[in-house]
Amino acid sequence: MFIGQCVFILFALSGCLGENIHIGAVLSSPENQLLLKDYADKATARKTSKDFGLTFNATSLLMDSNPVRSALSICDNLITKKVQVIIASHPAASAQSPISVSYTCGYYGIPLIGIYARDSAFSDKNVHSTFMRTVPPYFHQAYVWIDLLVHYDWKQVIFIHSMDEEGRSILSKFQALAEEQEIKIEKSVKFSVGLVNFTDLLLDLPQAQSRVILLSAGKEDAEHLYHDASELELTTDSDFVWLVSEEAMSAYNVPVGVIGLQLINGTNEAAHLEDSVSLIANTVTDLFLGGNLSLSETPENCSRRMDSKWEQGINLLEHIKKQDVDGQTGRLSFNEEGDRLNPIYWIKNVQPEGTFVVGYHGNKQGTEDKKLSFGNTAILWPSQDTKKPKGIKISTHLKVVTIESKPFVYKALWLNEEECYKKEGIQCSHTNSSTGETTTHCCYGYCMEMLHMLAARVNFTFDLHLSTDDSFGSFKRVNNGTKKEWTGMVGELVNEQSDLVVAPLTINPERAQAIDFSKPFKYQGLTILVKKEQKDSSLASFLQPFQDTLWILVGLSVHVVALVLYLLDRFSPFGRFKLAKNDDTEEDALNLSSAMWFAWGVLLNSGIGEGTPRSFSARVLGMVWAGFAMIIVASYTANLAAFLVLDRPDASISGIDDSRLRNPNENFRYATVKDSAVEMYFKRQVELSTMYRKMEEYNYNNADDAINDVKEGVKLQAFIWDSSRLEYEDANDCDLVVAGELFGRSGLGVGLRKGSPWTHPISLSILELHEGGQMEKLDNKWILIESTECPERDHTPATLGLTNMAGVFMMVAGGIVAGVFLIFVEILYKRHRGLKEKELELARNAADRWRGNIAKKKHLRESWAFLRALKDEQQKKKPQTV
């Protein structure tokens, strides 16, 4: 309560101060001058004005048709009265716009509210800096046209406009709005204001595909154009639709079926005058309430040059633009240029009985959302029918272009219809771009079968021809010109030489800006085709599982273990060596040879019958050695299978990230096809720019030549292209292989003209073919086929041959040779040893005989000695006997 009392006291104090607001006006009639004074008095009588002590004064004069006199009268009769805002209409005898008034107000910074002028020039704030208006500019009709086109689902139009500023403005606005809605201007026809004969300009319209004509023209120009269009039967043709501007709708001879616009309250000056005064009053009240009202120091006359514009007037103008109120002409709101937003238009239709309002465009609640609303009166079209026209000329006989590209399209010389029918092909023509000679061929393959299916489902007939320049199409300068153009099949669509492209045409952003694509009929990517590198199996293939170092260590380990086993069993008290000494069984002792045989036998998993360790220490080492041997043998067996069973030809590169591609050199060349989607892909990818620069000089005109050079392996080492084609080549050519993973994924689609009516039906048919499994059948028939002449592919186990295992046989042969050699060595050794033994035997025999002779001589000597001793003893005994 206290706050409310304070506000009331503040209002009362403010009312004591008071403020006079001077409104100036240049109007078209004395009646409007009286209305202005009345509206000013009403603004003063409003409660808020009384509370703040605001008084609104109005000073007006009639606008002179002479712009100079009009500007001078503003200076003499309005600015001298210190007006703070001016309202402008038009001269009584003409619809002349208040340009001179706007220049004068703009120079001094005085806000100017236009209530009649709709010229597009007033939206240029660089020239008309203080101008705003309660009516929309003429080019605002483009919003209505766009909403009508969207409502009726028309995607292509023919735009006829004058070459003056109004025509250019509405065209520019329409183009900006149409791009957002993907609406295409198929043909733009411009004419000079005042042209009398339009026949030459209208003659080509029937050849266009679009049947929706948008016309922006003045009244007199429209009258001449309607006359000539009627002579050419363009206004009575059942296919055409005419949407015309307000001015064109005011012609006396508007044909039946035309749809035009009329701004509601567009010419009601009294209503706009009242709304303008209300805007001023509301703005001043808001400023006064906020304590920002300061309208002093207004310009006093035009005789003194001002150093700067009236800043308070500019501030007042900005606040008026921010108003959003209900008025006599509808909801009042403005954009930054001061043009009125959310105007409401009547939608009118010319019928035999007269011109009828069939709906309106705009939002009566004043929001920015546009709204179309139609009444109960049916629209009568130029066909004299109430059924909505298609808005486009749909020909059921189409011109189809394709290109030879295996396995999608094959080309064979035309023999007869029966031969082509056997191949499920279609007759196609090809015109040589150099000689102009036309030849007939039979085109068959994946895409040709799909074309048959689409034609049957969508119900169209066609003529098929091959691309003249044998290229898919790229956007580039032609014949060293400055302007870029689309070439190839895409160029034929853009230049309306063909209706469809049925070929492996990659969908990419560049092409999608120029043409329409159907839903993809096949998804794919990019891969790299290279020549296979055949691996020659060496005699030492069976040694591949282990490195040389490991083989050496295994061999060394065998001999070290054998030596340790011998030593352990030799010095152990429980070894066979000690037992052999005691039991006289030396042949059972573990000698070094037996230890070697044991170590190799365990490693090679052969039976060990004799010569095994007896001591516990040696047997522990033997068990450890057996475990080692098991691991080594198992590892060798597994790796041997990997090296021999899966030993296949490899690609020379690993994929797109291979160093030979990323860091190109002269010894490794790679390329793609010129003017193709693949070339566009590399050109578009920044990280592949180095590769693009390298391959640009080697790119081929077609894929077949590149593939042949890859097979030869001299001019080209790698070819980058669509995965479908390269996988087909890989499957059918034993010398080629696809390297690396898929990259640059994309789809193949049917190409159509921008805005073509066939885009949606063909896309639906392709989706149905996918769901029905027909596309999968085409893949199996034309793409996923493998040659039976090539060796087994990677998905089946390979069979070992003599080349893989030759080393093993050579090893056996070497063993046999070594055995035979060793047996001879043994024989020679045995003979040599036998001779030595014989010599020893002879020596032993001789020694034995010598020892025998010595013993015999000794025995004789002993016998003689005995006999002599006996004889001597006998002789000693004889004397005693005598």
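In short, a report on the structure. Positions within a chain are numbered from 1, following the residues in the order the chain's sequence is written. Thresholds applied to this predicted model are a pLDDT of at least 70 for local features of residues and 80 or more for the giving and counting of side-chain atom pairs; totals over whole chains, interfaces and linings are not thresholded and use all residues. Hydrogens and water molecules were not included; the side-chain quantities draw on all heavy atoms of the structure.

Take the sheet that holds strand 2 (residues 54-62) next. Paired strands are those between which DSSP finds at least two bridges. For the purposes of this entry, the term helix denotes a DSSP run of H or I that reaches at least four residues, the term strand denotes a run of E that reaches at least two, and both are numbered from the N terminus. Strand order across the open sheet formed by five strands is 2-1-3-4-5, with parallel pairing between neighbours. Since the sheet does not close on itself, it has two edges, and those belong to strand 2 and strand 5 (131-133), each with one partner. Sheet twist, expressed as the average angle between the axes of neighbouring strands with direction ignored, equals 25 degrees. Bridging between strand 4 (residues 112-114) and strand 5 involves three bridges; their strand directions are parallel. Of the residues in strand 5, the one forming a bridge with Leu-112 is Phe-131. Axis definition: a line fit to C-alpha positions, over the contact stretch in the case of helices; interaxial angles, taken between N-to-C directions, run 0 to 180 degrees.

With that out of the way, let us pick up the packing of aromatic side chains. Only Phe, Tyr and Trp rings are paired, with Trp represented by its six-membered ring, and only when their centres lie within 6.5 Å; those with planes under 30 degrees apart are stacked, over 60 edge-to-face, the remainder tilted. As enumerated under the stated definition, the model contains 23 aromatic pairs in all. An angle of 40 degrees between the planes, with centres 6.0 Å apart, marks the rings of Tyr-410 and Trp-782 as tilted. With Tyr-410 in strand 17 (residues 410-413) and Trp-782 in helix 27 (residues 774-783), this residue pair connects regions lying 372 residues apart in the sequence. There is no split in this pair, since Tyr-410 and Trp-782 are both buried. Between Tyr-681 and Phe-743, the ring centres sit 6.3 Å apart and the planes meet at 50 degrees, which makes this aromatic pair tilted. Pair noted here: Tyr-681 is in helix 22 (residues 677-684) and Phe-743 is in strand 28 (residues 736-752), with a separation of 62 residues, a long-range link. Burial classification: accessible surface area is computed with a 1.4 Å probe over protein chains only, and a residue below 20% of its type maximum counts as buried, one above 50% as exposed, and the rest as partly exposed.

What follows concerns the packing of helix 4 (residues 67-77) against helix 5 (residues 99-108). As a packed pair, helix 4 and helix 5 sit with axes 8 Å apart at the nearest point and diverge in direction by 40 degrees. Considering the angle they form, helix 4 stands oblique to helix 5. Viewed along their axes, helix 4 and helix 5 form a crossing whose handedness is right-handed. Together, Pro-67, Ser-70, Ala-71, Ile-74 and Cys-75 of helix 4 and Ser-100, Val-101 and Thr-104 of helix 5 make up the contact between the two elements. Following the grouping adopted for this structure description, the nonpolar residues are Ala, Val, Leu, Ile, Met, Phe, Trp, Tyr, Cys and Pro, the charged ones are Asp, Glu, Lys and Arg, and the polar ones are all others, Gly among them. Class assignment of the residues belonging to the contact of helix 4 with helix 5 gives a composition of five nonpolar, three polar and no charged. Orientation is classified from the angle alone, with under 35 degrees giving roughly parallel, over 145 giving roughly antiparallel, 65 to 115 giving roughly perpendicular, and any other angle giving oblique. What makes a crossing left-handed is the near helix being turned counterclockwise from the far one by less than a right angle; a clockwise turn instead makes it right-handed. Residues count as neighbours in contact if any of their non-hydrogen atoms are within 4.5 Å of one another.

All right, on to the nonpolar core then. Membership of the largest hydrophobic core comes to 50 residues, with the highest contact counts inside it found for Val-26, Phe-56, Ile-86, Ile-87, Val-101 and Ile-280. Tallying contributions element by element places helix 11 (residues 269-289) first for this core, with eight residues. Apart from the residues lying within four places of it in its own chain, the contact partners of Val-26 are Leu-61, Met-63, Ile-74, Leu-78, Ile-87, Ala-88, Ser-89 and Val-101. Only buried residues count toward a nonpolar core. Its members are Ala, Val, Leu, Ile, Met, Phe, Trp, Tyr and Cys residues joined through side-chain atoms within 4.5 Å.

On to the pairing of strand 9 (residues 241-244). On strand 9, burial covers both faces: Val-241 and Leu-243 on one face and Trp-242 and Val-244 on the other are all buried. Pairing of strand 8 (residues 212-216) with strand 9 involves four bridges; the strand directions are parallel. Paired with Val-212 across the two strands is Val-241, which belongs to strand 9. With two bridges joining them, strand 9 and strand 10 (residues 259-263) adopt parallel strand pairing. Each residue of the ladder has a partner; that of Val-244, found in strand 10, is Gly-260.

Moving on, we get to the packing of helix 14 (residues 446-458) against helix 26 (residues 759-772). For any two helices packed against each other, the geometry is given by the interaxial angle and the distance between the axes. Contact pair helix 14 / helix 26: the axes reach a minimum separation of 10 Å and the direction vectors enclose 115 degrees. Handedness of the crossing formed by helix 14 with helix 26: right-handed. Contacts between helix 14 and helix 26 pair Met-453, Leu-454, Arg-457 and Val-458 from the former with Pro-761, Ile-762, Ser-765, Ile-766, Glu-768 and Leu-769 from the latter. Residues that form the contact of helix 14 with helix 26 fall into these classes: seven nonpolar, one polar and two charged.

Take a nonpolar patch on the surface next. Residues with no salt bridge and a relative accessible area higher than 30% make up the patches, which join like charges within 9 Å and nonpolar side chains (Val, Leu, Ile, Met, Phe, Trp, Tyr) within 5 Å. For every accessible area listed, the method is Shrake-Rupley and the probe measures 1.4 Å; residues are considered covered only by the protein chains on display. A carboxyl oxygen of Asp or Glu within 4 Å of a side-chain nitrogen of Lys or Arg is what we treat as a salt bridge. Together, Leu-550, Leu-553, Leu-556, Val-560 and Val-564 make up an exposed nonpolar region whose accessible area comes to about 390 Å². Tracing the sequence through the fold places Leu-550 in helix 17 (residues 548-571). The exposure class of Leu-550 is partly exposed, given its relative accessible area of 31%.

All right, on to the state of the cysteines then. When two cysteine sulfur atoms lie within 2.5 Å, the pair is treated as a disulfide. Going through the model one piece at a time under the given rule, you end up with three disulfides. Shown here is the disulfide that connects Cys-75 with Cys-302, its sulfur atoms set 2.1 Å apart. In this structure, the disulfide formed by Cys-75 and Cys-302 twists by about -90 degrees around the S-S bond and is classed as left-handed. Highlighted residues: Cys-75 in helix 4 and Cys-302 in the loop between helix 11 and helix 12 (311-321), separated in sequence by 227 residues. Residue classification places Cys-302 among the partly exposed positions, given a relative accessible area of 23%.

What holds strands together in a sheet is hydrogen bonding between their backbones, with the strands either parallel or antiparallel. Strand order in the open sheet formed by eight strands is 7-6-8-9-10-13-14-15, with mixed pairing between adjacent strands. Here the strands that pair on one side only, and so sit at the sheet edges, are strand 7 (184-191) and strand 15 (372-374). Taking each pair of neighbouring strands and ignoring which way they run, the sheet shows an average axis angle of 25 degrees. Sheet strands in contact with helix 6 (residues 141-152) are strand 6 (156-162), strand 8, strand 9, strand 10, strand 13 (345-351), strand 14 (354-361) and strand 15, and its direction is about 65 degrees off that of strand 15. In the packing of helix 7 (residues 165-181) onto the sheet, contacts are made with strand 6, strand 7 and strand 8, and the angle to strand 6 comes to roughly 160 degrees.

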